[in-house]
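# Notes for the structure review
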Amino acid sequence: MNKMKNAESMQLIDITAETMMIPSEKVAHVQVGNPLEHALLVLVKSGYSAVPVLDVSYKYKGTIGKTIILNSVLGLERFEMERLSNTKVHEVMNTQTPCLKKSDDILTCLKTVIDYPFVCVVDEEGYFDGILTRRTILKQLNNYFHLNKNQLYQVE
Ligand code: AMP
């Protein structure tokens, strides 16, 4: 396996989170202090299932998605929709999702996105740089395997 690095594998290992991420200016986000109603509006209008949550200085704080919002307004017998305007994003957001940094290589990225449709890329001070989606990683690997498919059938 580890005998020789050919040109393609060199290129693959040179790919970093930075080269694959969607940059912050193209990412829909909500702020910690927004009411859930605003977050739900952003999610429904954008069609995304979840988006990053940032503070006023654009530091990454968590993620919020449709399921978490619907669960948080679910009462005993009905959806208590009035809670959408009384509850702030930071009260229910997910803070457990791991993050990547721009310099992380494709193997670290691949391992991190296994359990998440996207993960956030954050700098040393916690400022939000962008997101990396599982789709982008799969596209990179798909390209790689197609370019190298002859080697997959090679007998030693
Ligand atoms: P995709 O792989 O494009 O289906 O994206 C997977 C998930 O990543 C989406 O459901 C969103 O939660 C998130 N996502 C992708 N692109 C964006 C974006 N431009 N802004 C915010 N969230 C995004």
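Since the model is a prediction, treat every value here as computed from it, not as a measurement.

Pairing within the open sheet is mixed, and its four strands lie in the order β1-β7-β6-β5. Two strands in the sheet have a free side with no partner beyond their single neighbour: β1 (22–23) and β5 (99–100). The pairing of β5 with strand β6 (residues 118–122) spans two bridges and is parallel. Its bridge partner being in β6, L100 is matched across the sheet by V121.

Right, let's get into the UniProt feature "domain: CBS" (unreviewed entry) in the protein. When the UniProt feature table is mapped onto this chain, "domain: CBS" (unreviewed entry) is found at residues 21–81. Across residues 21–81, the secondary structure splits into 30% helix and 25% strand, with the terminal C-alpha atoms separated by 35 Å.

A few words now on helix α3 (residues 36–46). Restricting attention to buried positions, one finds in α3 the residues L36, A39, L40, V42 and L43. One face of α3 carries all of its buried residues, which in axial projection span an arc of 160°. Away from its buried face by more than 90 degrees, α3 exposes L41, V44 and K45. Tucked into the core, α3 has its buried residues touching β2 (30–31), β3 (50–54), β4 (60–65), α4 (66–72), α5 (83–86) and α6 (89–92). Trailing α3 by a residue or two, G47 shows a phi angle of about 85°, which is positive.

What follows covers unusual backbone geometry. Peptide bonds are, in most cases, trans, and in most cases residues other than glycine have a negative phi. The backbone of Y58 sits at a positive phi, close to 70°, despite the residue not being glycine. Looking at the element boundaries, Y58 is found in the loop between β3 and β4.

Ranked by size, the top nonpolar core spans 16 residues in total, and within it V30, L36, V53, I64, I69 and V89 carry the most contacts. Looking at this core, the elements with two or more residues in it are α3, β3 and α6. When residues in this core are grouped by element, the largest group, five residues, is from α3. In this view, V89 contacts V30, Q31, V32, N34, P35, L36, A39, V53 and I64; residues no more than four positions away in its chain are not counted.

Next up on the list: the confidence of the model for the protein. When pLDDT is averaged along the protein, the result is 92, and 92% of the positions lie at 70 or above. Across residues 1–7, confidence stays below pLDDT 50; counting only partners more than four residues off in sequence or on other chains, it has four contacts.

Turning next to the state of the cysteines. A complete count under the given rule lists zero disulfides for this structure. C109 forms no disulfide, and the closest cysteine sulfur to it belongs to C99, at a distance of 12 Å. With a relative accessible area of 0%, C109 lands in the buried category. Here C120 stays unpaired: no disulfide links it, and the sulfur of C99, its closest cysteine neighbor, is 5.7 Å away. What makes C120 buried here is its relative accessible area of 2%.

Thresholds, definitions, all that
- Position numbers for residues count from 1 along each chain, tracking the sequence in the order it is written.
- pLDDT decides what is reported in this predicted model: residues at 70 or higher carry local features, side-chain atom pairs at 80 or more are listed and counted, and totals for whole chains, interfaces and linings draw on all residues regardless.
- Excluded from the side-chain calculation are hydrogens and water; included are all heavy atoms of the structure.
- A pair of strands is labelled paired if DSSP reports no fewer than 2 bridges between them.
- Secondary structure is summarised from DSSP: a helix means a run of H or I of at least four residues, a strand means a run of E of at least two, and numbering begins at the N terminus for each.
- UniProt positions are given in the numbering used here, feature names are shortened, and annotations may be inferred rather than shown by experiment.
- Think of it in three bands: with a 1.4 Å probe and only protein chains considered, a residue is buried below 20% of the maximum accessible area for its type, exposed above 50%, and partly exposed in between.
- For this quantity, the arc is that covered by the directions from the helix axis to the C-beta atoms.
- In this description, contact between two residues means that some pair of their heavy atoms is separated by no more than 4.5 Å.
- Joining through side-chain atoms within 4.5 Å is the link that ties buried Ala, Val, Leu, Ile, Met, Phe, Trp, Tyr and Cys residues into a set, and such a set is a nonpolar core.
- Values of pLDDT, which run from 0 to 100, indicate the predictor's confidence residue by residue.
- Here, a disulfide means two cysteine sulfur atoms that sit within 2.5 Å of each other.

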